[in-house]
Structures are given as C-alpha cells and as structure tokens.
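Single-letter residue listing:
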Amino acid sequence: MKHRLIIDCDPGQDDAIMLLMALAWPEKLELLGVCAVAGNVPLALTQRNTRMICELAGRADLPVFAGCEAPLQRELHTAEHVHGSSGLDGLALWEPALPLQEQHAVNFLIETLLDAEPESITLVPTGPLTNIAMALQKEPAITRGIRNIVLMGGAMREAGNITPSAEFNIYVDPHAAQTVLTCGRPLVVAGLDVTHQVPVPRAWLQTLQNRGDAVAEAVAAMLTYYNRFDTEKYGSEGAPLHDPCTIAWLLEPQLFTGRDCHIAVETESALTLGHTAVDFWQVTSQTANAHWLHAVDAGGFFHLLDRSLKRYAI
Ligand code: RIB
Ligand code: CA
C-alpha cells in the first residue's frame, strides 16, 4: 500500500538526501507536498533549498510551501556551523525554476488534512516541529486525517548535539515538540540514538563520486562537505545521516528496532531545554506516546540508500 506523505524539512544536507530517497520511490511513496521550515538555516534558504532538491530529483511538479520563519515562542537558532551558510554547502547552487507556492505551509497542512480521508496521511518532519505544531494548534481537527507522524528528533542515551542534553530539532522549538508529542496520533521517532548508527561510510561515498550521474554527483558533493564537521566532532568515519532514517523506516521498517515509550520534552529549564525524556524502561505510569527507534541495520540502510540513488541514473 502506498504511503501518502507530507514532508516538512529544513535542508540541510541530510534533509536533501532524505528528499532524494523519498522521491526515488513514487510507486511506494506518494508525496502530496513539501513544506519548508526555519531550522538549519533561515526560511528563505530552506525553502529555496527544498525547491532545488525537488528540481534535482526531476520533480518540478511538486508543490513546495514556505512555513514558519521562527519557533513558536523562542528566537530562531540555526546550524550554519554544520551545514554552511547556504544550508547545502558543497553543492553548486542554482536558482530553482520550481516555483514556491503562495499558500503558507501551515494552511496547506490544515486544508489537506481536513480534506483527507481519516488516518490517511503520514507527516514526515525532519526539522524543528514549528509548522506541524502551528497547524495542530490552529485546527486540532486535522488529527483526524493523520495516519502517523514519522519524525527525526530527540536523544536518549546519546548526548545532545546542540547542547549537552538536547538534539537540534527539538531544541530549536521545544514548545512545538510538546504539541506534537501530545497530539494523540501514532508517532515514530528517530532520535540521535539511532541516527548516530548510520555515519556515511567513506568507501561508499567514494563510489558515488565516480558514478557520473547528476544526483550521485550532487550527493557526493553535499556529503563531502557535511562530513567535515561531524567527523571532527565525533571522530567518526562520516557524518550521521539523520533525516533519511525517517524515509528508510517507511520503506523498510524491518531495518529498525524500536520500542513503544512515553516521551516528554523539557520546555522550561535553561540548562536542559529541549531534552527528550524517553521512558525506555517504563519507570513511570505514563502511557507510551511514541515508537522510539533505537537500533538500525546500518548495512541494510546504506544498501537501501544506494538503491534509491541509483534509480535516478536509469
Ligand atoms: O539533530 C539533527 C537534525 O538537526 C537533522 O534534522 C538536521 O538536518 C538538523 O535539522
Ligand atoms: Ca533536518
């Protein structure tokens, strides 16, 4: 059965790979629209980057929407130190012909979900959850149309990557994360505990550089840049491919191991703002509100990613 998706992202090189993975399987994933949110870089760049990657994927037909340019309550924190000033450093940038839709992403989410069959649409947020939360707050009835939400965010055993206790997407907008975590729809959460298990293998990256097709070349260029910061920070072989874990789970869930857990988020403490408290051992009486992914078959993940990218070379 086809998944009917709305992706909400903040490209970012890993968001870009996630989009390319998603757009490689139209027979399995029907994309209703792509929303951009402020996160890794400001909204003006994330919306342009989203349009560039959709164009690179040959999907100039896709409706792309710009959403919120700042978190619900906090000021925007960005991550140019990781992704570069453009958000897609490494890639030779161009001005995409693919147009930006007039409609605000939040209104697109509300309109589409209200019109949808019950429990028929999967939301895939891979940036701060501002757009999703704003739609839920403006029109709570949209939950009827949501089948599930498969998001990248949070950390449990892994230390934070933007503060000692918080993962970036949740840290940027913890109030939005709280709205999503309490919305009552099925959640699948890919946090740092699982995404740090898929650092880009150097040998695989080298194979990309020799393929000769535009998508492989672009991915190699983006990942070569994206690798530099995290390899130094973590001493790992490559940078973790955070956002593609969401699409990989939708395509091949058997690659992942997860557990139903209650997840709460810190929205007050300056010290631990954005921390995700994952009740992995069920030490509280709180009912699980999410399926927390905590392990992945990394070889299988990269085999899936490789097959996805090779579909553009045919
Ligand atoms: O912490 C990793 C997350 O923050 C990823 O989604 C990355 O793109 C950044 O948005
Ligand atoms: Ca992201």
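Residue indices follow the written sequence of each chain, beginning from 1 at its first position. Chains and ligands are labelled sequentially in the order written, the chains with letters from A and the ligands with numbers from 1. At least 70 in pLDDT is required for a residue's local features to be given in this predicted model, at least 80 for side-chain atom pairs to be given and counted, and no such filter applies to totals for whole chains, interfaces and linings, which use all residues. Side-chain numbers come from the whole structure's heavy atoms, not from hydrogens or water.

**Examining the overall build of the protein**
Moving on, step 1. Helix and strand assignments follow DSSP, with helices taken as H or I runs no shorter than four residues and strands as E runs no shorter than two, numbered in order from the N terminus. Scanning the protein for helices and strands turns up 12 helices and 10 strands.
Moving on, step 2. To get the radius of gyration, use the C-alpha atoms; to get the globule rule, take the number of residues to the power 0.38 and multiply by 2.2 Å. Its C-alpha radius of gyration of 18 Å places the protein within 12% of the 20 Å reference for a compact globule of 314 residues.
Moving on, step 3. By definition, residues are in contact when any of their heavy atoms lie within 4.5 Å. Restricting to contacts in the protein with at least 6 residues of sequence separation, those with at least 24 account for 83%.
Moving on, step 4. Neither His nor the chain ends contribute to the count of charged residues, in which Lys and Arg are positive and Asp and Glu negative. For this purpose, a charge sits on NZ of Lys, CZ of Arg, CG of Asp or CD of Glu. The positive charge centre, built from 20 side chains, and the negative charge centre, built from 36, are 6 Å apart in the protein.

**Observations regarding helix α2 (residues 43-56)**
Moving on, step 1. One less than the residue count of a helix, multiplied by 1.5 Å, gives the span that helix is expected to have. The terminal C-alpha atoms of α2, which comprises 14 residues, lie 20 Å apart, in line with the 20 Å expected from a rise of 1.5 Å per residue.
Moving on, step 2. Think of it in three bands: residues with accessible area under 20% of the maximum for their type are buried, residues over 50% are exposed, and the middle band is partly exposed, with areas taken using a 1.4 Å probe on protein chains only. Most of α2 is tucked away, with 11 of its 14 residues classed as buried.
Moving on, step 3. Burial in α2 covers these residues: Leu43, Thr46, Gln47, Arg48, Asn49, Thr50, Arg51, Met52, Ile53, Cys54 and Leu56.
Moving on, step 4. Glycine 58, located one to two residues past α2, shows a positive phi value of around 80°.

**Considerations on the site of ligand 1**
Moving on, step 1. Near ligand 1 you find Asp10, Asp14, Asp15, Asn40, Thr126, Met152, Asn161, Glu167, Phe168, Asn169, His242 and Asp243, and these make up its full shell.
Moving on, step 2. Between an oxygen atom of ligand 1 and a side-chain N or O atom of asparagine 40, the distance comes to 3.1 Å.
Moving on, step 3. One of the side-chain N or O atoms of asparagine 161 is found 2.8 Å from an oxygen atom in ligand 1.
Moving on, step 4. Accessible surface is estimated by sampling points in the Shrake-Rupley manner with a 1.4 Å probe; for residues, cover comes only from the protein chains shown. In the complex, 97% of the free accessible area of ligand 1, which totals 280 Å², lies under the protein chains.
Moving on, step 5. Those elements that place two or more of their residues in the shell around ligand 1 are α1 (13-23) and α6 (168-172).
Moving on, step 6. For this classification, the nonpolar set comprises Ala, Val, Leu, Ile, Met, Phe, Trp, Tyr, Cys and Pro, the charged set comprises Asp, Glu, Lys and Arg, and every other residue, Gly included, is treated as polar. Each residue belonging to the shell around ligand 1 can be placed in one class, and the counts come to 2 nonpolar, 5 polar and 5 charged. Whether a residue is near a molecule or strand depends on its heavy atoms: if one lies within 4 Å, it is near. Within 3.5 Å is the distance limit for a polar contact, defined as a pair of N or O atoms, with the added protein rule that one can donate a hydrogen and the other accept it, and that residues adjacent in sequence qualify only through two side-chain atoms.

**Section: the coordination of the calcium ion (ligand 2)**
Moving on, step 1. Each metal site lists N, O and S donors within 2.8 Å (3.2 Å for Na, K and Ca). With water left out of the atoms, a site can look as if it is missing ligands. Bound to the calcium ion (ligand 2) are the protein donor atoms Asp10 (OD), Asp15 (OD), Asp15 (OD), Thr126 (O) and Asp243 (OD), situated 2.2 to 2.6 Å from the metal.
Moving on, step 2. All donors to the calcium ion (ligand 2) come from one chain, and their sequence spacing reads D-x4-D-x110-T-x116-D. Of this pair, aspartate 15 sits in helix α1 while aspartate 243 sits in the loop between α10 (214-234) and α11 (244-251), placing them 228 residues apart in sequence.

**A word on unusual backbone geometry**
Moving on, step 1. Cis rather than trans, the peptide bond between proline 11 and glycine 12 has omega equal to -20°.
Moving on, step 2. Tracing the backbone through its elements, the reader meets glycine 12 in the loop between β1 (3-9) and α1.
Moving on, step 3. If you check the backbone angles, glutamine 282 has positive phi at about 45° while not being a glycine.
Moving on, step 4. Mapped onto the elements, glutamine 282 comes out in the loop between β9 (276-278) and β10 (290-296).

**Observations regarding the environment of glycine 184**
Moving on, step 1. By the secondary structure assignment, glycine 184 is in the loop between α7 (174-181) and β6 (187-190).
Moving on, step 2. Between the alpha carbons of glycine 184 and asparagine 148 there is a distance of 9.7 Å; along the sequence they are 36 residues apart.

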